[in-house]
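Fold and geometry: a report
Now for the letters of each chain:
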Amino acid sequence: MGGAKAATRAVAAAVTAALSIAFSYYLLHNKISKLPWKKARKVSKKSRKRKGLVEAIGNTPLIRINSLSDATGCEILGKAEFLNPGGSVKDRVAVKIIEEALESGELVQGGVVTEGSAGSTAISLATVAPAFGCKCHVVIPDDAAIEKSQILEAVGATVERVRPVAITHKDHYVNIARRRASEMTNLATTQGEANKMEDNGSVHINGDMPQKGEFHPISSTNCRGGFFADQFENLANYRAHYEWTGPEIWEQTEGTLHAFIAAAGTGGTVAGVSRFLKEKNPNIKCFLIDPPGSGLFNKVTRGVMYTKEEAEGRRLKNPFDTITEGIGINRLTKNFMMAELDGAYRGTDKEAVEMSRFLLRNDGLFVGSSSAMNCVGAVRLAWALGPGHTIATILCDSGMRHLSKFFNDQYLADHGLTPTATGLEFLHNP
């Protein structure tokens, strides 16, 4: 009898100990999960369907930029988008564009995604397309950093480099990309209708021989059609950030965010993030930082992009207006028009260059030109708001794609942009 009682007491003690350990673990885990920027992100139904490479995109860290935070008295946080598999924030856009195109039937597996891009979106599309069973053809301005086209070719895209011209010109790189998609779709249609071999083995298309010199960026055999990604006007771009990036920033800051700032190229990031954040809390201030040569600062602050002597949307952007790539534009895109902004700041090339070196020296952050410009904006905004505020921005990509220009000493010297600052004296503190 005594042995039975002892055994019962032992079992009770073991159960009590186990419950105590489990409860302690629960409390510890719950406490950790509530620390700022550590809370696990809820996975959407859409995200659960993503597998392989695509599943690794997003949920990037929101890191404290120590040097800028300490200098301003604000918490300045950078969304480390350079940690995406394709190396930039545009991975999200590429996934969303291709997913929606496949769902709608505009793109089929084996088809070719075309895009006109100065670099990052093209690289993301080229990286992501094979994961969906598709190919990629990119038209890129030939003044973009050469390493971008080298990366594109290395990851399997076909690359067409063209001279920069106005968007209204038929041979603007975006318009050529749109044309290539149409050509591939027409080719797929004609192959499906009537492909026949002549005795000499040559291929006839609708009874006609292909014209000499006709451009076929992808093999014309077994063509499955083309799809123009259209990152500037395709609202899948905006939706990628409204449904994905914005919610991550909100959850990582646990709703304590005071402000967000970013530059705009297509406008998808600043539009999607600003609209989501303001729906969550209308008091969150959202701002644009705009580089030289862009008309968006005027549009946000004055309601018009140019002086009355210039027709809106017609001014030609000088390719030497700025060395920042992928941001700044002189027309309104459908994506940008979705933005909800409280104001805008101007940045300069010199400030972006100096900021990139400052971050490298003080934080070990090796970021590209648009990321540096975003950080210029974050400091300006921090000074305007005053100490004690939490500000988020986007670290779009790393400096690895900017070696031939933005991080090239000779190139910078030739353009009078050699960095000389030791601190933040290159920024004017009002």
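Residues numbered from 1 in each chain as written. Predicted model: local features only at pLDDT ≥ 70, side-chain atom pairs only at ≥ 80, totals over all residues. Heavy atoms only, no water.

1. Some thoughts on unusual backbone geometry
- Phi at N59 takes a positive value of approximately 55°, unusual for a residue other than glycine.
- Position of N59 relative to the elements: it lies in the loop between α2 (45–49) and β1 (62–64).
- Among the residues examined, N59 registers a relative accessible area of 45% and is labelled partly exposed.
- Its identity as a non-glycine residue notwithstanding, E254 has a phi of 50°, on the positive side.
- Mapped onto the elements of the fold, E254 is located in the loop between α8 (236–252) and β9 (259–262). (Helix = DSSP H or I, 4+ residues; strand = E, 2+ residues; numbered from the N terminus. Buried < 20%, exposed > 50% of the residue type's maximum accessible area, 1.4 Å probe, protein only.)

2. Remarks on the pattern of salt bridges
- On inspection of all chains with the given rule, the structure shows 20 salt bridges.
- For E81, the salt bridge identified is with R92, shortest N-O distance 2.7 Å. In this pair, E81 is assigned in the loop between β2 (75–80) and α4 (90–104) and R92 in helix α4, connecting sequence segments 11 residues apart. Across the pair, R92 and E81 agree in class, each one buried.
- Overlapping salt bridges bring together K79, E81, R92 and E248 as one network. (Salt bridge = Lys/Arg side-chain N within 4 Å of Asp/Glu carboxyl O.)

3. Points about the sheet that holds β2
- Across the sheet, six strands lie side by side as β1-β2-β12-β9-β10-β11; this open sheet has mixed pairing. Of all the strands in the sheet, the pair left with one neighbour each is β1 and β11 (343–346). The average angle at which neighbouring strand axes cross in this sheet is 30°, direction not considered.
- Here β9 runs beside strand β12 (residues 390–395); their pairing, made up of two bridges, is parallel. Within the sheet, the bridge partner assigned to F260 lies in β12 and is A392.
- Those strands touched by α8 are β1, β2, β9 and β12, and its axis lies near 140° from that of β2. (Pairing = 2+ DSSP bridges. Axes fitted to C-alpha atoms, helices over the stretch in contact; angles between N-to-C directions. Contact = heavy atoms within 4.5 Å.)

4. Here we look at helix α12 (residues 369–385)
- Taking 1.5 Å of rise per residue, 17 residues should cover 24 Å, and α12 covers 24 Å from first to last C-alpha, within 8% of that figure.
- Of all 17 residues in α12, 14 are buried, a share of seventy percent or more.
- Just beyond α12, the residue with positive phi is G386, at close to 95°. (Expected span 1.5 Å × (residues − 1).)

5. Some points on the sheet that holds strand β3 (residues 112–116)
- An order of β5-β4-β3-β8 is seen for the four strands of this open sheet, with the pairing classed as parallel. The open sheet has two edge strands with one neighbour each: β5 (158–162) and β8 (226–228). Across this sheet, the average inter-strand angle for adjacent strands is 20°, counted without regard to direction.
- Pairing of β3 with β8, which is carried by three bridges, proceeds in the parallel orientation. Counted as the bridge partner of V113 is F227 from β8.
- Together, β3 and β4 (135–141) form the strand contacts of helix α5 (residues 120–128), whose direction differs from that of β4 by roughly 170°.

6. Quick look at the pairing of strand β10 (residues 285–290)
- With five of its six residues buried, β10 lies for the most part within the structure.
- As paired strands, β9 and β10 are joined by four bridges and run parallel to one another. Looking at the pairing, A259 lines up with K285 of β10.
- With helix α9 (residues 268–280) bridging β9 and its parallel neighbour β10, the resulting β-α-β unit is right-handed.
- Examined bridge by bridge, β10 and β11 share four bridges and lie parallel to one another. For L288, the partnering residue across the bridge sits in β11 and is A344. (Right-handed = clockwise from strand over helix to strand, strands pointing away.)

7. As for the state of the cysteines
- With the rule as written, the count across this model stands at zero disulfides.
- C134 takes part in no disulfide bond, and the closest cysteine sulfur to it belongs to C136, at a distance of 9.7 Å.
- Counting only cysteine sulfurs, C375 is the nearest neighbor of C396, a cysteine outside any disulfide, at a range of 9.0 Å.
- We classify C396 as buried; its relative accessible area is 14%. (Disulfide = S-S within 2.5 Å.)

8. Details of the packing of helix α11 (residues 349–363) against α12
- Two elements in contact, α11 and α12, have axes whose closest approach is 8 Å; the angle formed by their N-to-C orientations is 90°. Accordingly, the angle class assigned to the pair α11 and α12 is roughly perpendicular. Contact with α11, carried on its side by E351, A352, M355, S356 and L359, involves S369, A372, M373, C375, V376, V379 and R380 of α12 and no other residues of that element.
- Split by residue class, the contact of α11 with α12 holds eight nonpolar, two polar and two charged. (Parallel < 35°, antiparallel > 145°, perpendicular 65-115°, else oblique. Nonpolar A, V, L, I, M, F, W, Y, C, P; charged D, E, K, R; others polar.)

9. Section: the environment of G343
- When you line up the elements, G343 lands in strand β11.
- The spacing of G343 and I289 is 54 residues in sequence and 9.0 Å in space, taken between C-alpha atoms.
- Apart from the residues within four sequence positions on either side, G343 is in contact with C286, F287, L288 and V300.

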